[in-house]
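Each chain, written out:
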Amino acid sequence: MFHHITVLKEEAVEGLRIKPDGIYVDCTLGGAGHSSVIASQLKAPGLLIALDQDDTALANAKVKLAPYEDRVRLIKTNFRYIEEVLRDLPEVPQVDGIPQVDGILFDLGVSSPQLDEADRGFSYNHDAPLDMRMDQEGMLTAYDIVNTWSEQEIAKILFEYGEEKFSRRIAKNIIEARNAAPIETTGQLAELVKEGIPAAARRTGGHPAKRSFQALRIAVNDELGAFEEALNKTVRCLAPGGRASVITFHSLEDRICKQIFAQYIEKCTCPPDFPMCVCGKKGTLKLVNRKPYIPSQRELDDNPRSRSAKLRIAEKL
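Residues numbered from 1 in each chain as written. Predicted model: local features only at pLDDT ≥ 70, side-chain atom pairs only at ≥ 80, totals over all residues. Heavy atoms only, no water.

1. Quick word on the sheet that holds strand β6 (residues 101-107)
No. 1: The strand order β3-β2-β1-β6-β7-β9-β8 describes an open sheet built from 7 strands, whose pairing is mixed. Strand pairing shows two members of the sheet lacking a second neighbour, β3 (72-76) and β8 (285-287), which therefore form its edges. Direction aside, the axes of adjacent strands within the sheet are offset by 20° on average.
No. 2: In terms of strand pairing, strand β2 (residues 47-52) meets β3 through 5 bridges, oriented parallel. Bridge pairing in β3 links aspartate 52 to lysine 76.
No. 3: Sheet strands in contact with helix α12 (residues 223-237) are β6, β7 (238-248), β8 and β9 (310-316), and its direction is about 155° off that of β7.
No. 4: Sitting on the sheet, helix α13 (residues 251-264) touches β7, β8 and β9, and the angle it makes with β9 is about 20°. (Pairing = 2+ DSSP bridges. Helix = DSSP H or I, 4+ residues; strand = E, 2+ residues; numbered from the N terminus. Axes fitted to C-alpha atoms, helices over the stretch in contact; angles between N-to-C directions. Contact = heavy atoms within 4.5 Å.)

2. Focus: the nonpolar core
No. 1: Membership of the largest hydrophobic core comes to 35 residues, with the highest contact counts inside it found for Val25, Ile49, Leu51, Phe79, Ile104, Phe106 and Phe227.
No. 2: Every element with two or more residues in this core is listed here: β1 (23-26), β2, α4 (82-87), β6, α12, β7 and α13.
No. 3: If you tally residues by element for this core, the top one is α12, at 7 residues.
No. 4: Setting aside chain neighbours within four positions, we find isoleucine 104 in contact with Leu16, Val25, Cys27, Ile82, Thr234, Cys237, Leu238, Arg243, Ala244 and Ser245. (Core = buried A, V, L, I, M, F, W, Y, C linked by side-chain atoms within 4.5 Å. Buried < 20%, exposed > 50% of the residue type's maximum accessible area, 1.4 Å probe, protein only.)

3. A short note on the packing of aromatic side chains
No. 1: Applying the stated criterion across every chain, the model contains 3 aromatic pairs.
No. 2: Summarising the aromatic geometry, the rings of phenylalanine 79 and phenylalanine 106 are spaced 5.3 Å apart at their centres and angled 80° between planes, so their arrangement reads as edge-to-face. One end of the pair, phenylalanine 79, is in the loop between β3 and α4; the other, phenylalanine 106, is in strand β6, with 27 residues separating them in the sequence. Of the two residues, phenylalanine 79 and phenylalanine 106, both sit in the buried class.
No. 3: Taken together, Phe79, Phe106 and Phe227 form an aromatic cluster joined through their ring pairs. (Phe/Tyr/Trp six-rings, centres within 6.5 Å; stacked < 30°, edge-to-face > 60°.)

4. Some details on unusual backbone geometry
No. 1: Residue proline 45 is reached from alanine 44 by a cis peptide bond, and omega for that bond is 10°.
No. 2: Its place among the elements puts proline 45 in the loop between α2 (33-40) and β2.
No. 3: Positive phi values are uncommon outside glycine, yet arginine 17 reaches one of about 50°.
No. 4: Within the element layout of this structure, arginine 17 appears in the loop between α1 (9-14) and β1.
No. 5: Arginine 17 sits in the partly exposed class, given a relative accessible area of 45%.
No. 6: Phi at alanine 32 is positive, roughly 65°, even though this residue is not glycine.
No. 7: Of note, alanine 32 is situated in the loop between β1 and α2.

In structure tokens:
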């Protein structure tokens with residue numbers, strides 16, 4: 001069974017302003033925490049479309065959301081295909097061929113069960129085969145990256161996706177080790193990462209492999225590319241008055257969200273002393289919260305993994 005503590009659950013769903021007859025998309029089904037709250041507030045013909053590429057998450061959600069099965073559609077897909085999925089559902093209205101829904105939610109990052117299931121290879125705390133695929137049908141694994149990518153490519157993803165300042169030393173360790181024998185497990189990799197970080201730096205900031213494992217997971221699943229594509233499609237697929245509610249867990253995700261929202265915000269170029277706008281440069285979105293919501297102290301005490309979470313909400317004009 002999926003045991004997962006949903007982060008910023010009430011705040012993210014409240015931000016969508018659920019209408020009982022509206023159509024909503026949960027792009028990151030996960031433990032179905034947000035989906036359960038959304039579905040409980042819907043009545044026919046209201047509809048929740050929940051997306052995930054993880055078979056375990058979908059199987060769990062089928063059980064957890066059974067009381068709402070008349071108003072829920074579970075679909076296995078990467079959320080980067082949100083627009084294509086919505087276009088194929090007859091219940092979703094379209095305007096000029098573009099699907100229109102009332103709210104879309106993202107809860108990014110890897111779920112607690114994926115971290116805790118040793119055989120998935122996400123965690124540096126369990127020795128397991130190097131995998132890290134969210135979709136078990138995906139082709140690329142962490143094993144492939146660690147054992148076949150160049151030293152420069154490995155160093156780049158560790159630095160860019162993990163913000164690991166010792167990325168070059170770690171990449172060098174990986175290359176030297178795999179020249180002797182393939183790196184097969186998370187335990188082997190965690191030890192190589194640890195050896196690449198100076199002893200003084202290992203004393204602070206949690207487990208020394210945390211940043212490198214995050215970087216590999218992001219690379220294996222093309223998380224940032226998928227998110228950027230999905231968020232642009234989200235803006236297109238929201239009906240006027242519809243809202244996007246986005247929870248991020250590290251600075252790269254939050255930066256993408258902030259920048260994409262900013263691209264669609266109204267940018268009037270008229271001189272400030274003009275009594276009214278005449279430039280006609282109308283935006284597509286408005287921000288609901290100028291600063292992101294963060295977890296309360298109570299939530300942090302209950303779930304330390306929520307510490308880096310940020311919630312941004314925008315509304316379609």
